[in-house]
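The residues making up each chain are set out below.
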Amino acid sequence: MDNIVQPATSNSLQVPGETNKSTPSSPSISRNDCSIAPLTPSASPRPDVRERMSRPFSVVVAIDFGTTSSGYAFSFTQDPEAIHMMRRWEGGDPGVANQKSPTSLLLTPEQKFHSFGFAARDSYHDLDPEEAQHWLYFDKFKMKIHSISNLTMETELEAVSGRKVRAIEVFAHALRFFKEHALKEVMDQSSSVLEGDEIRWVITVPAVWRQPAKQFMREAAYLAGLVSCDTPEQLLIALEPEAASIYCRKLRLHQVIDLSLRPMSNGLSLESDGPRPFDSSFRQAREQLRKARHSRTFLVESGTGELWSEMQTGDRYIVADCGGGTVDLTVHQIEQPQGTLKELYKASGGPYGAVGVDLAFEAMLCQIFGEDFIESFKAKRPAAWVDLTIAFEARKRTATPGRSNGLNISLPFSFIDYYKRHRGQSVETALRKSNMNIVKWSSQGMLRLTPEAMNELFQPTINNIIKHIEELMQKQEVQGVRFLFLVGGFAESPMLQRAAQNALGRTCRIIIPQDVGLTILKGAVLFGLDPTVVRVRRCPLTYGVGVLNRFVEGRHRPDKLLVKEGREWCTDILDRFVSVDQSVALGEVVRRSYTPARSGQRKIIINIYCSATDDVIYISDAGVRKCGAITLELPEMLIGTIPGTERREIKATMQFGDTEIKVIAVDVASNRMVRAAIDFLSN
């Protein structure tokens, strides 16, 4: 078998066809810790299949690929203090202050790209209802990647009409759209002609995404033509709360809103200058931002901002990225004077984004009009359903905690008409029969949601966010946090702001950047300009491989005994690379040596296992799963040409301190690079 691997050391070898059945964990056994060492210079391998050395880039283009909205920004490396935002889009929604576009994609019935963003939404709206059923409209599709446990290159996404397309193609269409628009803007502003390899691309993903989802975004970028798979260093995957943290380092005092300085009671300020609506300062900042939008260029500090001058070496802070689909939390410590960042606790979070409010609204409609009717309406009138969700989104943004009057939401005429034909009664009658007193039928022919109804829609999602932050603050590594930065589109919501202030305002200072919806995008550009700014990260999982170790009576389970050539071995031992929540610095590596099982073997495949805990011994323990594979391709021309290749040693070097896991390998005898790849999408 080509995938049988034997490490070069004499006391352990790779197990072929390891079992992965769930069995009780055994008592702990003594084992060597994984070999982690700083990346130090050594004899340079001769070029064979060698990853290109990173070259200076002329421009960094970052794409913030969000659940509800997306955008791009760029900066020229010769002028890194200027971040240029994308051009304003045609269309737009009331109450939306930033320049990003809805993450909406429209494909023709032949599955060809038609439009993205506002254009996709408007074009889909204008289609005839019957015709719309043949088109493919995708909205908020990023969330699907987070929720799919067995993500592969063949995973499909379902359009509003019910038709399915490979997810990788949907994401590639969106990224290709951004690539074409961004390149045109960059070329317009560049004083010289730029080659493709002079551009570094950055794509943002949630920090809670695991390796398969990160690799999926990289593969989508390759398919979209952002970069070639032969030059992977041209593309960086940025973690969203990490990008926000990087940007927050640059903030000046006038660029933030400090909720801790504004005591609240029922959404009103208690300051001596008289009552003021809770969100007035935020709206004022947003209005100033709108006026300044003609330039589309933001200037950032060359060093760290004034806010950071208040922080001492060792001070801790949390960044809560409250987006459309997920809420991502990261805990950082500032390192002075260099201004680098150190992650103190592994990234956490969950599907607690603003989409949760939308789902609560849909559940409310199902309760009033019947789940079967809502599903039928979505299938038969997909464009009208999209119109209804847009109408709710616009009103959702105006919800405030101290509001005394209700919110009106327009129901599309086709909804009212379809319900009458489907049920034989009016929507007003349905509302009366539902006994839902918090939702009324207004005289203007609209749904009227009382303040109590809006609270019911927001509270479950907001409660999840606050609970998660509170639980994080109880961790020993996180205690003593001085600042909580709220970023992301959902952080614009006064409902979330008030809840955070009430629950957490006495524990730490709560800071919101004025341009909160663009914080991650700007931080992603800064990350592309300097990827070394986060110096230490925490491992989200325990990673390792299955090996054979010498069997020790009384220490190892009897059912793991394997007798091979007269020697007793213990099978299925997990050889750890890194452990969950372990600190790994940028540049630190894990080294392992492997030997092909037979002469003439052309490929070594090493299965990788992971666990959310560190108290595991065997790869068959409960909670351990196969999550990927390392592939080492051995060049044919070297086989048998060098003395000693009968027992050939391949030294693999893995990096866990970056936003993605990386591997390189060297043939020790020839000192040549071996083509090495790590794959998390083929399980």
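The shown structure was predicted, so the numbers you read here are calculated from the model rather than taken from an experiment.

### Focus: the sheet that holds strand 23 (residues 439-441)
- Taking strand neighbours across the sheet as the criterion, the three strands line up as 22-24-23 in an open arrangement whose pairing is antiparallel. A strand with exactly one partner marks an edge of an open sheet, and here the two such strands are strand 22 (407-410) and strand 23. Averaged over neighbouring strand pairs, the angle between their axes works out to 30° when direction is ignored.
- Bridge count for strand 22 against strand 24 (residues 446-449) is four bridges, and the pairing is antiparallel. Note on strand 24: the bridge partner recorded for Ser410 is Met446.
- Running at roughly 145° to strand 23, helix 13 (residues 427-434) makes contact with strand 23 and strand 24 of the sheet.
- Packed on one face of the sheet, helix 14 (residues 451-473) meets strand 22, strand 23 and strand 24 and runs near 80° to strand 24.

### Observations concerning the pattern of salt bridges
- Going through the model one piece at a time under the given rule, you end up with 27 salt bridges.
- Across the salt bridge formed by Asp315 and Arg482, the nearest N and O atoms sit 2.9 Å from each other. Linking Asp315 in the loop between helix 8 (306-309) and strand 19 (316-322) with Arg482 in strand 25 (residues 481-487), this pair joins segments that are 167 residues apart in sequence.
- A relative accessible area of 13% means that Asp315 is categorised as buried.
- According to the relative accessible area criterion, Arg482 is partly exposed, its value standing at 32%.
- A salt bridge links Asp417 to Arg421; its shortest N-O distance comes to 3.0 Å. A residue pair is termed a helical-turn pair when its members lie 3 or 4 positions apart in one helix, as Asp417 and Arg421 do in helix 12 (residues 413-423) at four residues.
- Shared partners join several salt bridges into a network, and the residues in it are Asp358, Glu393, Lys396, Arg397 and Glu492.

### What about helix 1 (residues 118-125)?
- Turning to helix 1, its buried residues number three or more, namely Phe118, Ala120, Arg121 and Tyr124. Viewed along the axis of helix 1, the buried residues span an arc of 165°, placing them on a single side of the element.
- Where helix 1 is buried, its residues touch strand 7 (101-102), strand 8 (104-107), strand 9 (113-116), helix 2 (129-132), strand 10 (136-139) and helix 11 (382-396).

### Brief notes about the packing of aromatic side chains
- Taken as a whole and judged by the stated rule, the model has 26 aromatic pairs.
- Look at Phe65 and Phe141: their rings are 5.9 Å apart centre to centre, the planes differ by 75°, and that puts the pair in the edge-to-face class. On the criterion of sequence distance, the pair formed by Phe65 in strand 4 (residues 59-65) and Phe141 in the loop between strand 10 and helix 3 (142-147) is long-range, its members being 76 residues apart.
- The class of Phe65 is buried, set by a relative accessible area of 0%.
- Judged by relative accessible area, Phe141 falls into the buried class, the value being 2%.
- Here Phe458 and Phe490 contribute two aromatic rings whose centre-to-centre distance is 6.4 Å and whose plane-to-plane angle is 25°, an arrangement assigned as stacked. Of the two residues, Phe458 is situated in helix 14 and Phe490 in the loop between strand 25 and helix 15 (494-504); the sequence distance between them amounts to 32 residues.
- An aromatic cluster of at least three residues, connected via ring pairs, comprises Phe369, Phe373, Phe377, Phe415, Tyr418 and Tyr419.

### Here we look at the side chain of Ser245
- Here Ser245 shows up in helix 6 (residues 240-248).
- In this structure the side chain of Ser245 is engaged in a polar contact, spanning 2.5 Å, whose partner is the side chain of Tyr317.
- Once residues within four sequence positions are removed from consideration, Ser245 is found in contact with Tyr317, Val319, His332 and Leu341.

### Quick notes on the nonpolar core
- Membership of the largest hydrophobic core comes to 97 residues, with the highest contact counts inside it found for Phe369, Phe415, Val439, Leu449, Leu484, Leu486 and Phe490.
- Per-element tally for this core: the top contributor is helix 14, with 10 residues.
- Among all residues touching Phe369, those that are not within four sequence positions of it are Ile374, Phe415, Tyr419, Arg423, Val427 and Ala430.
- Residues Val59, Ile63, Trp201 and Phe216 belong to the second largest nonpolar core, which totals 50 residues.

Scoring rules and cut-offs
Residues numbered from 1 in each chain as written. Predicted model: local features only at pLDDT ≥ 70, side-chain atom pairs only at ≥ 80, totals over all residues. Heavy atoms only, no water. Pairing = 2+ DSSP bridges. Helix = DSSP H or I, 4+ residues; strand = E, 2+ residues; numbered from the N terminus. Axes fitted to C-alpha atoms, helices over the stretch in contact; angles between N-to-C directions. Contact = heavy atoms within 4.5 Å. Salt bridge = Lys/Arg side-chain N within 4 Å of Asp/Glu carboxyl O. Buried < 20%, exposed > 50% of the residue type's maximum accessible area, 1.4 Å probe, protein only. Arc of directions from axis to C-beta. Phe/Tyr/Trp six-rings, centres within 6.5 Å; stacked < 30°, edge-to-face > 60°. Polar contact = N/O pair within 3.5 Å; in protein donor to acceptor, adjacent residues only side chain to side chain. Core = buried A, V, L, I, M, F, W, Y, C linked by side-chain atoms within 4.5 Å.

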